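Overview (structure and organization)
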Amino acid sequence: MIVLGIETSCDETAVALVTDDRKLLAHELYSQVKAHSRYGGVVPEIAARAHLERLEMLVDAACLKAGISLQGVDVVAATGGPGLIGGVIVGTVAAKALALSLNKPYVAVNHLEAHALMPRFIDDISFPFLLLLVSGGHCQLLLARDVGQYEIMGSTMDDAVGEAFDKVAKKLCLPLPGGPHVEKLAREGDKDAYNLPFPLKGKKEHSLNFSFSGLKTAVLNKIDDPEFGENDMPNLCASFQEVVGQSLEDRSRYALMKLKEDNTDLKGFVVSGGVAANESIRLKLEKMCIDHKIPFFAPPVSLCTDNGVMVAWAGLERFNKGLISPLDFAPRPRWPLSEL
Ligand code: KG4
Ligand code: ZN
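In this text, all values refer to a predicted model and were calculated from it rather than measured experimentally.

What follows is about the pattern of salt bridges. Across all of its chains, the model carries 20 salt bridges by this definition. Two residues, arginine 22 and aspartate 124, come together in a salt bridge whose shortest N-O distance is 2.6 Å. Taken as a pair, arginine 22 in the loop between strand 2 (12–19) and strand 3 (24–31) and aspartate 124 in the loop between helix 4 (111–122) and strand 6 (129–134) lie far apart in primary sequence, 102 residues in all. Of the residues examined, arginine 22 reaches a relative accessible area of 31% and is grouped as partly exposed. A salt bridge links aspartate 250 to arginine 251, with the nearest nitrogen and oxygen atoms 3.1 Å apart. Judged by its relative accessible area of 36%, aspartate 250 is partly exposed. The exposure class assigned to arginine 251 is buried, which follows from its relative accessible area of 3%.

Below you can see the structure in the form of structure tokens.
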């Protein structure tokens, strides 16, 4: 069986074809980063228009690469939310039109579930697993019980973790998305150079929640200091990245402990979403899993950020459970995983 996945929820137009025996037949991705860079962030109207201009070409290119015609597609899946609504509408309408004209099932995929299930395309991961979802729009700890069944254990009270990386990068005049650029500078820096505030320190009632705005503001204030110069950038990036990693690890450890207390038969720990591409954060979490004797999983770095593969795969997982969507499915800007 071949599933077509379409991702248009932010600034990547992405299309992939995957099979039910976990083969990747084609993966096409057009990043709109250049179109948005002069505005310092993603402009929803520009994004939606760019998706519209590129999508058909990318679907054709994917079919060509896979050596199939559109008739060879068995299921059409597209991100139905959450995300920038203009882009989500473009992907949804395209997927519905394809499904209708090809007489094939349509699956609306929740973008967060696509990140969550992505690692199962690569590794054999059974449910339930603890999921740390870290992206540009989200930072959550979830207990994934099955496809479509997620319990939120904790989430950010303010900025998403990727958003904090992006804001620090913007202040340092680094290109967007900022995460990879902050990570690159951090590699040359000393993580102990700056003493930055640890988020929600000592707040027992928030042992499972995250907060990054205080940390972000502390970093922005350091950059505003007249003494701060270009040479200080690697040290500041390294110190910031270190505290972010420690905070993610601290909350994940607590969640693992809670689940152990509840006798949850946890099969693994999964980190996914754009920030999971960060090597230092991955290493911290991997070490935590070794301490807790629990298998650690993360998508390959190239598949952490938004892509079509995760949508195709999540579409396939839902289809296998009989979860196909009606053609009057309404695309949505907000769609928490707990509502699945
Ligand atoms: O999952 P994603 O592609 O889009 C959303 O669903 O939000 O995540 C994008 C976010 C951006 O904020 C980007 O700066 C961050 O992931 N990111 C990183 C790294 N690569 C991407 N953050 C830290 N380190 C990285 N290497
Ligand atoms: Zn994403």
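This part is about the packing of aromatic side chains. Inspection of the entire model under this criterion finds seven aromatic pairs. Seen from their ring centres, phenylalanine 210 and phenylalanine 212 are 6.2 Å apart, and the 15° between their planes marks the pair as stacked. The same class applies to phenylalanine 210 and to phenylalanine 212, which are both buried. Consider the rings of phenylalanine 269 and phenylalanine 296, whose centres lie 6.4 Å apart with planes at 20°: the pair is stacked. Placement of phenylalanine 269 in strand 9 (residues 268–272) and of phenylalanine 296 in strand 10 (residues 296–297) is noted, with a sequence separation of 27 residues between them. We classify phenylalanine 269 as buried; its relative accessible area is 0%. We note arginine 332 situated over the ring of tryptophan 335; from NZ or CZ to the ring centre the distance is 4.7 Å.

Let us look at the site of ligand 1. What surrounds ligand 1 is a group of 20 residues, the closest being Gly136, Asp166, Gly179, Glu183 and Asp306. One of the backbone nitrogen or oxygen atoms of glycine 136 is found 2.8 Å away from an oxygen atom of ligand 1. Across the shell around ligand 1, the residue classes break down as five nonpolar, 12 polar and three charged.

What counts and what doesn't
- Residues numbered from 1 in each chain as written.
- Chains lettered and ligands numbered in written order.
- Predicted model: local features only at pLDDT ≥ 70, side-chain atom pairs only at ≥ 80, totals over all residues.
- Heavy atoms only, no water.
- Salt bridge = Lys/Arg side-chain N within 4 Å of Asp/Glu carboxyl O.
- Helix = DSSP H or I, 4+ residues; strand = E, 2+ residues; numbered from the N terminus.
- Buried < 20%, exposed > 50% of the residue type's maximum accessible area, 1.4 Å probe, protein only.
- Phe/Tyr/Trp six-rings, centres within 6.5 Å; stacked < 30°, edge-to-face > 60°.
- Lys NZ or Arg CZ within 6 Å of the ring centre and 35° of its normal.
- Near = heavy atom within 4 Å.
- Polar contact = N/O pair within 3.5 Å; in protein donor to acceptor, adjacent residues only side chain to side chain.
- Nonpolar A, V, L, I, M, F, W, Y, C, P; charged D, E, K, R; others polar.

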